[in-house]
Amino acid sequence: MRKIIRDRAVVEDTWLHLDDEQPVPERGDVTVSWQRWQKEAELLRNRDGGRIGVRINGDVPVDHLSDELCRLPLLVLEFPAFKDGRCYSHARLLRCRHRYSGELRATGDVLRDQIGYMERVGINAFEVRQDRDVDDAMRAFDEFSVDYQGMGPGAFPLAARRAAAQG
Amino acid sequence: MYQYDSHDQTLIEERVAQFRDQTRRYLAGELSEDEFRPLRLQNGLYIQRFAPMLRVSIPYGMLSSDQLRMLGHIARKYDRDYGHFSTRQNIQYNWPALESVPDILADLAKVQMHAIQTSGNCIRNVTSDHLAGINPDEVADPRPYCEMIRQWATLHPEFAYLPRKFKIAVSGGPRDRAATQVHDIGLQLVRDDTGEIGFRVLVGGGLGRTPIIGEVIREFIPERDLLSYLEAILRVYNLLGRRDNIYKARIKILVRSMGAEKFREAVDREWSEIRDDPRLVRKPADFERLRTFFAPPNYAEGTDSGVSERAQAENPAFARWFRHNTVAHKHPGYRAVHISLKSLHRAPGDMTSSQMQAVADLADRYSYGEIRVSHKQNLLLADVPMDALPELWTRLSELDLATPNIGTLNDMICCPGLDFCSLANAGSIDVAADITARFQDLDYLYDLGDIRLNLSGCMNGCGHHSVGHIGVLGVDKKGQEFYQITLGGSSAEDASLGDRVGPAVSKDQVADTIEAIIHTYTETREGDEGFLDTYRRVGMEPFKERVYA
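Here is what the cut-offs are and how they apply
- Residues numbered from 1 in each chain as written.
- Chains lettered and ligands numbered in written order.
- Predicted model: local features only at pLDDT ≥ 70, side-chain atom pairs only at ≥ 80, totals over all residues.
- Helix = DSSP H or I, 4+ residues; strand = E, 2+ residues; numbered from the N terminus.
- Rg over C-alpha atoms; globule rule 2.2 N^0.38 Å.
- Buried ≥ 20, exposed ≤ 12 C-beta atoms within 10 Å, placed from the backbone.
- Contact = placed C-beta atoms within 7 Å.
- Pairing = 2+ DSSP bridges.
- Axes fitted to C-alpha atoms, helices over the stretch in contact; angles between N-to-C directions.
- Core = buried A, V, L, I, M, F, W, Y, C linked by C-beta atoms within 7 Å.
- Nonpolar A, V, L, I, M, F, W, Y, C, P; charged D, E, K, R; others polar.
- Right-handed = clockwise from strand over helix to strand, strands pointing away.
- Domains from an automatic or database assignment.

Novice: What's the story with the overall build of chain B in this structure? I'm lost.
Specialist: A tally of helices and strands in chain B yields 18 helices and 21 strands. In terms of C-alpha radius of gyration, chain B reaches 23 Å, essentially the compact-globule figure of 24 Å for 549 residues. Every one of the 549 residues in chain B was classed for burial, and the buried ones make up 56%. Restricting the contact set of chain B to residue pairs at least 6 apart, pairs at least 24 apart contribute 67%.

Have a look at this one:
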C-alpha cells in the first residue's frame, strides 16, 4: 500500500482511487472524479460497503459545490503540475467558505517544497510524488514557526502584536 | 522606517535556512532544474547570460544606512564591486555565484533584509512614492500601508503560484510618482466626503509586450478593508487567470477579456464573503502602530541661516545642483536631495560599493540615517537641513554622485539590456551612453525642461519605454540591434502609452534620431511648454517628418 502523509504522520493509504471506467468494488473506501460523482452520485451514495471521496481539479467550480459533497470524509485536490496554484484557492474556499472538516488531500505533482504552503491553506494529507521520499517530505513541516497570514500552526504575529501593544 | 520585531526576524532567518537546504539539494541533484527554478526565483535568483543575477528587495524603496552599508559589503565580497538599482526600487547583483547566495541572504538577514518574492509568479515588492511623507501634496503617508501589504503578501500560501508575476504600487495622493496606473494593482490614497481615509483601486495596468493603463474598479475602499479587497482580487485572478500561455497570463489580460465591470463584480462577490475575516480586517490601532515607524524625525529649528542661498549666489555649479537635484520639503529649513545615479561614467542606476559606503555615512551625517531608492533609478536623502547642502554637494561631487541632471533628458530609466539580461534583444546601456554623450551641454538640457526618456532592451519593458515621453525599445532584426522610438508616454497621473514614430532605426542612428526629435520640439513648442504638452498639442507628424527626412 502507498505511503502518504496525513496530519503530519506517515500512514498507509487505504483508499482505492478509481478512474472513470473502473467498476466500483463492493467493499472498501473509494474516490472518484468530480465528473463521475456528477453522473453516479445516486449510485455511490447508496453504496454501503465503504466510504466515498471525490477528486477535484483546478477547473471545478468549488464555489458552487453541494453541501452533500462538502460532508464527504475525503476530498482530493489534484495538482497536475506543482506550478498550477488554483487548488490553493480551492482549499481555502473549502475550509473557510464551505466549512469542510474532512480530510483534504493533495495529489499529483506534490513535492516537499510546496507542502508548507499547502498545509497553511488547509490541506492536511499529501500523496507525495512517487519518485520522492515521503520521510524527506516530512521535513517541510519544520521549516517555519511563524507566518504573517495567521494560517499556520505558529504564532500569529498580528494578534501577538496587538496583545503586546495592549499589555 | 519599519523595524523588525522577533516575528519578522524569525521568519527571514527561517527562510534563509530553507533556501540553503534547497540550494544544497539542487546541487546534490535531488531537485531538478524545473523544480528548483521557482524556488530560487522566489528568493530573487535568476540565471542570466553570464552568471546568476540576485535581486534584493528594498520594500517601497526605504533603506537604513546600515542596510546600504550591507549592500555595499555584498557587492564587494560576493560580486564585482557594484550593484544596479532597478525601476521597482530594488537592487540587483549581476555576478554572484549560486553557491554563495545562501550566505548573501544570511548577511542580508542581519540587517532586516531579504530577497523574498523579488521574482517568480507571486506578489512582488510593493513600490511607492520616493517623496512619501515629505511632500505637501499627499493625502497621507503611503508607507504604513505599504508595510501592511508587504507583511500580508510575504509567503502568502495561497498566492505563491499565481499564473504570472504580480506587482502592486501605492501612491500617497493624486500626484502619482509611483506609476500606479501601470501596475497589476495601483492604489491611490484618497479621502471620502466624510474625511475618512481609503484607496482608489486600479487593476490591470502593466507594461511589457502588451502595455495597458489600469482601470479604476473602486473609487473608495476604506483602509480597514484594504487587505480583504486585495485578497479578493488575487483570488479571482489565481482561479481565472490564464495558465496556458505565459504571454496572456497577467491580470491585465484577464481584466480585458472579462471587461472591467464583470471583473469588478467577481471581486465584489468574493469580497462580500471575506470582508469581515478577522485575519484581514485592520483596526485603527494597527495603523497607529505602523504609523509610528514612519513618524517624521525630530526636525531641528534654525537650519536655514542663509548659507545655502549665499552659496547659490557665489557658485553657479552649486546653484545648478540645488535647482535640479534638490526638492522642496514639507518642513521649513529642509530639502530632499536626489543622488544622481546617471553619470557619464557608469550605467544608469549602477553604484559602486565604495559609493554605497560613502552615501551611508552621508545619510548618517545629514539625513537621519535613511536613504530612499526612486523608481527612476536614483537615490534620495529625504531630510537634509538647508545649511548642510553646500557641504553635502561637495561630498557628493567628489563621489561623482552630483551630476545636476535630475528630471532632464539624461536622467534616463534604463534596463541592463543585452550586456547582462538573457531576455534582451539589444543593448541599452551603450545606447544610453551615446545619448548622454550627445547631450552634454547642461544649459541646453535645462532649456529642454523635464523630459522622461526610457530605454528597454526588449519588449518586456523593464526600462518602462512605453511610458517614456520618449521611449526607446531594442529589437532584433535578423541578428542586428535596432531601436523603435515612441513619443508621448507617461506614467504619472496623466498616464498614457507612447506612439511609435515609424520604422526602427539602427543603433548608430539612435542618438541622431533623439536629436532630431528634440530639435522638432524646440522649434514647435510655445513659450515654456513642456515636451509632453507639445507632443500632445501638435501630434506625431512634425516629429515623423524630421526623423525620416
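Novice: It is not clear to me how the overall build of chain A should be interpreted in this structure. Could you clarify?
Specialist: Looking only at helices and strands, chain A has 5 helices and 8 strands in total. Across chain A, helices and strands are ordered from the amino to the carboxyl terminus as β-β-β-β-α-β-β-α-β-α-β-α-α. With respect to the three principal axes, the spread of C-alpha positions in chain A is 60 × 35 × 25 Å. Considering only intrachain contacts with a sequence separation of at least 6, the fraction spanning at least 24 residues in chain A is 42%.

Novice: Honestly, the sheet that holds strand β8 (residues 125–126) of chain A in this entry has me stumped. Any pointers?
Specialist: Strands pair in a sheet through their backbones, by hydrogen bonds, and they do so in one of two ways: parallel or antiparallel. All names here are of chain A. Read from one edge to the other, the open sheet built from 8 strands follows the order β2-β1-β8-β7-β6-β5-β4-β3, with strand pairing classed as mixed. The open sheet is flanked by β2 (9–12) and β3 (16–17), the only strands paired with a single partner. Taken together, the 2 bridges between strand β7 (residues 103–108) and β8 define a ladder with parallel strand orientation. If you follow Ala106 over to β8, its bridge partner there is Phe126. Of the strands in this sheet, β4 (30–33) and β5 (52–56) touch helix α1 (residues 34–45), which is tilted by about 125° from β4. Packing against the sheet, helix α2 (residues 86–97) makes contact with β5, β6 (74–79) and β7, and its axis sits at approximately 160° to β6.

Novice: What exactly am I supposed to notice about the nonpolar core here?
Specialist: As a rule of thumb, soluble globular proteins bury nonpolar side chains together. Ranked by internal contacts, the top residues of the largest apolar core, which has 194 residues, are Leu77(A), Phe126(A), Ile233(B) and Leu381(B). Of all the elements, helix α6 (residues 226–240) of chain B adds the most residues to this core, at 10 residues. In this view, Ile233(B) contacts Ile185(B), Val203(B) and Val267(B); residues no more than four positions away in its chain are not counted.

Novice: Could you clarify how one ought to interpret unusual backbone geometry in this entry?
Specialist: Most peptide bonds take the trans form, and the phi angle of most residues other than glycine is negative. Residues and elements named next belong to chain B. One non-glycine residue with positive phi stands out, namely Gln377, at about 65°. Position of Gln377 relative to the elements: it lies in the loop between β14 (370–373) and β15 (379–385). The class of Gln377 is buried, set by 25 C-beta atoms lying within 10 Å. In the Ramachandran plot, Lys478 falls in the positive-phi region, its phi being about 50° despite a non-glycine side chain.

Novice: Please explain the interface of chain A and chain B as it appears in this structure.
Specialist: Accessible area lost when the parts come together is the quantity often used to give the size of an interface. Opposite the 28 residues of chain A that make contact, chain B presents 27 residues. Contributing elements (two or more residues each) for the side of chain A that touches chain B: α2, α3 (112–120) and α5 (157–166) of chain A. Here the side of chain A that touches chain B is composed, by residue class, of 12 nonpolar, 5 polar and 11 charged.

Novice: Please clarify how the pairing of β7(A) should be interpreted in this entry.
Specialist: One face of the sheet, then the other: side chains in a regular strand alternate in exactly this way. All names here are of chain A. Where β6 lies against β7, 6 bridges are found, and the strand directions are parallel. Residue pairing in the sheet places Leu74 in a bridge with Glu103 of β7. On the question of chirality, the crossover connecting β6 to the parallel β7 by way of α2 is right-handed. Assessed by its sense of winding, the connection that carries the chain from β7 through α3 to β8 is right-handed.

Novice: Mind showing me how you'd approach the environment of Phe141(A) here?
Specialist: All names here are of chain A. Checked against the element boundaries, Phe141 lands in the loop between α4 (134–137) and α5. What makes Phe141 partly exposed here is the crowd of 15 C-beta atoms within 10 Å. Here the alpha-carbon distance between Phe141 and Tyr117, two residues 24 residues apart in the chain, equals 9.8 Å. Leaving out residues up to four positions away in the same chain, Phe141 has contacts with Arg8 and Glu119.

Novice: Looking at this structure, how should I read the environment of Glu314(B)?
Specialist: All names here are of chain B. Along the chain, the position of Glu314 falls in helix α10 (residues 307–314). Glu314 sits in the exposed class, given 10 other C-beta atoms within 10 Å. Residues Glu314 and Phe85, 229 residues apart in the sequence, show an inter-C-alpha distance of 34 Å.

Novice: I keep staring at the sheet that holds strand β13 (residues 350–352) of chain B and nothing clicks. Help me out?
Specialist: All names here are of chain B. With antiparallel pairing, the 5 strands of this open sheet are ordered in space as β1-β2-β5-β4-β13. At either end of the open sheet lies a strand with only one pairing partner, and these are β1 (45–47) and β13. Taking the axes of each pair of neighbouring strands and ignoring which way they run, one obtains an average angle of 30° across the sheet. Here 3 bridges tie strand β2 (residues 52–56) to strand β5 (residues 91–93), and the two strands are oriented antiparallel to one another. Each bridged residue has a counterpart across the sheet, and for Val56 the counterpart in β5 is Ile91.

Novice: How do you make sense of the domain arrangement of chain B when you look at a structure like this?
Specialist: All names here are of chain B. Looking at chain B, the domain boundaries give domain 1 (6–110), domain 2 (134–291), domain 3 (307–346 + 363–398) and domain 4 (413–547). On a C-alpha basis, the centroid separation for the pair domain 1 and domain 2 is 27 Å. Counting residues at the interface gives 4 residues for domain 1, matched by 5 residues for domain 2. Along the lines of polarity and charge, the residues of the side of domain 1 that touches domain 2 split into 3 nonpolar, 1 polar and no charged.

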